[in-house]
Amino acid sequence: MYVVVNAAQSVDGKLSTRRREQLRISGEEDFDRVDRIRAAADAVLVGVGTVLADDPHLTLDEEARRVERLRNGRPGDPARVVVDSTGRTPTDARILDDAATTYLLVSAATTPERRKELADAGAEVIVAGEERVDLVDGTSALAGEGIDRLMVEGGGEVIYSCFAAGIVDELQVYVGSLVVGGRDAPTLADGEGFVEAFPRLDLTEVERLDDGVVLSYDVDGRA
Ligand SMILES: NC(=O)C1=CN([C@@H]2O[C@H](COP(=O)(O)OP(=O)(O)OC[C@H]3O[C@@H](n4cnc5c(N)ncnc54)[C@H](O)[C@@H]3O)[C@@H](O)[C@H]2O)C=CC1
Ligand SMILES: Nc1nc(O)c(N)c(N[C@@H]2O[C@H](COP(=O)(O)O)[C@@H](O)[C@H]2O)n1
């Protein structure tokens, strides 16, 4: 499986404010770019923190659906994936509507009753990991469902875990021209943080878009 992480951050590396409310960092051109990455993916993944904060839908706009999905030979929207150890995704979340298949990666800590409630609400529930979702096991289960290209949209906890699990092939970051600040505001990579064996990146492209810049990297291993 090929994994591309895409996120939008302020110049000081924040994905949203300390209130964790959805913050519009991207402009129109960048949202079009995000739609193209979504369209090229078999599935788009977020953490449950993002679902609870943003209630995202993670589908394509009409134009992207028409042009990009057709170009890639696959009609409709990519599947959606939530990383959700204890099954906290609300059963009325937008991500569980019938616009596309939604996989919930849960851990064994999610009770069978909760798993059934989520399945009844439309989710395909996959158990990976004991206490927390194991992203290596979870992504290989997704590969078994035919997902060869996965886009990770965030948030900061899940992006960090994807790097820690060593599953990221490519990173694209839109850096908007604003300062958010706040020691408790989510950043591109939160979690415990690395103290050694930092993921090293190879800068492949720099593009000015809207009033910001898109930085594209291949992941080069750890050093
Ligand atoms: N600017 C941007 O591009 C984006 C911004 N956001 C923002 O990010 C914030 C949400 O980010 P976070 O709070 O960091 O939540 P998150 O979306 O990264 O979800 C983290 C949660 O996922 C669950 N989880 C289960 N297994 C896990 C694992 N192996 N590794 C990590 N998490 C695991 C845990 O409950 C954890 O608290 C919101 O404010 C949202 O608006 C989210 C996506 C994109
Ligand atoms: N690329 C990007 N730029 C921003 O400025 C953002 N706030 C986000 N947020 C992400 O987009 C999701 C919302 O998706 P829908 O529009 O509901 O499909 C949100 O949950 C974040 O993952 N992204």
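Refer to the structure printed above.
Residues numbered from 1 in each chain as written. Chains lettered and ligands numbered in written order. Predicted model: local features only at pLDDT ≥ 70, side-chain atom pairs only at ≥ 80, totals over all residues. Heavy atoms only, no water.

Enquirer: Any chance you could explain the site of ligand 2 here in plain terms?
Expert: Around ligand 2, the surrounding shell holds 18 residues, and the nearest of these are Leu23, Ile25, Ser26, His57 and Leu58. In the environment of ligand 2, a nitrogen atom lies 2.6 Å from a nitrogen or oxygen atom belonging to the side chain of Ser26. Leu58 has a polar backbone atom sitting 2.8 Å from an oxygen atom of ligand 2. If ligand 2 stood free it would expose 520 Å²; the protein chains cover 82% of that surface. Breaking the shell around ligand 2 down by element, the ones donating at least two residues are strand E1 (2-9), helix H1 (28-40) and helix H2 (48-54). In terms of residue count, H1 provides more of the shell around ligand 2 than any other element does, 3 residues in total. Looking at side-chain class alone, the shell around ligand 2 contains 7 nonpolar, 6 polar and 5 charged residues. (Near = heavy atom within 4 Å. Polar contact = N/O pair within 3.5 Å; in protein donor to acceptor, adjacent residues only side chain to side chain. Areas by Shrake-Rupley, 256 points an atom, 1.4 Å probe, with all protein chains shown as cover. Helix = DSSP H or I, 4+ residues; strand = E, 2+ residues; numbered from the N terminus. Nonpolar A, V, L, I, M, F, W, Y, C, P; charged D, E, K, R; others polar.)

Enquirer: Explain unusual backbone geometry to me, please; I cannot follow it from the model alone.
Expert: Of all residues except glycine, most have a negative phi; of all peptide bonds, most are trans. With an omega of -5 degrees, the peptide bond between Gly154 and Gly155 qualifies as cis. Topologically, Gly155 is positioned in the loop between strand E6 (149-154) and helix H6 (156-165). The backbone of Arg20 shows a phi angle near 60 degrees, a positive value even though the residue is not glycine. Its place among the elements puts Arg20 in the loop between E1 and H1. Judged by its relative accessible area of 43%, Arg20 falls in the partly exposed class. Non-glycine residue Ala197 carries a positive phi angle of around 50 degrees. Tracing the backbone shows Ala197 in the loop between strand E7 (170-175) and strand E8 (199-209). In this structure Ala197 comes out as partly exposed when scored by relative accessible area, which is 32%. (Buried < 20%, exposed > 50% of the residue type's maximum accessible area, 1.4 Å probe, protein only.)

Enquirer: What is the right way to look at the layout of surface pockets in this model?
Expert: A probe as big as a water molecule, rolled over the atoms, marks out the empty space that is left. Here the second largest pocket is characterised by a volume of approximately 200 Å³. Considering the residues around the second largest pocket, the lining is formed by Arg33, Arg36, Ile37, Ala40, Arg149, Glu170, Gln172, Glu205, Val206, Glu207, Val214 and Ser216. Of all elements in the fold, only H1, E7, E8 and strand E9 (212-222) reach the threshold of two or more residues within the lining of the second largest pocket. If you tally residues by element for the lining of the second largest pocket, the top one is H1, at 4 residues. (1 Å grid on protein atoms, 1.4 Å probe; cavity = no way out; pocket = protein on both sides within 12 Å on 5 of 7 lines; lining within 4 Å. Points joined across faces, edges and corners; volume = space filled by probe spheres on them.)

Enquirer: Which parts of the structure should I look at to understand the sheet that holds E8?
Expert: Hydrogen bonds along the backbone pair up the strands of a sheet, which may run parallel or antiparallel. Pairing within the open sheet is mixed, and its 9 strands lie in the order E5-E4-E3-E2-E6-E1-E7-E9-E8. Strand pairing shows two members of the sheet lacking a second neighbour, strand E5 (124-127) and E8, which therefore form its edges. Sheet twist, expressed as the mean angle between neighbouring strand axes with direction ignored, is 20 degrees. In terms of strand pairing, E8 meets E9 through 9 bridges, oriented antiparallel. Opposite Val206, over in E9, you have Leu215 as the bridge partner. This element, helix H5 (residues 135-144), spans strand E3 (79-83), strand E4 (102-106), E5 and E6 of the sheet and lies at about 150 degrees to E4. (Pairing = 2+ DSSP bridges. Axes fitted to C-alpha atoms, helices over the stretch in contact; angles between N-to-C directions. Contact = heavy atoms within 4.5 Å.)

So, to be careful, I would describe these as geometric facts and stop short of saying anything about function.
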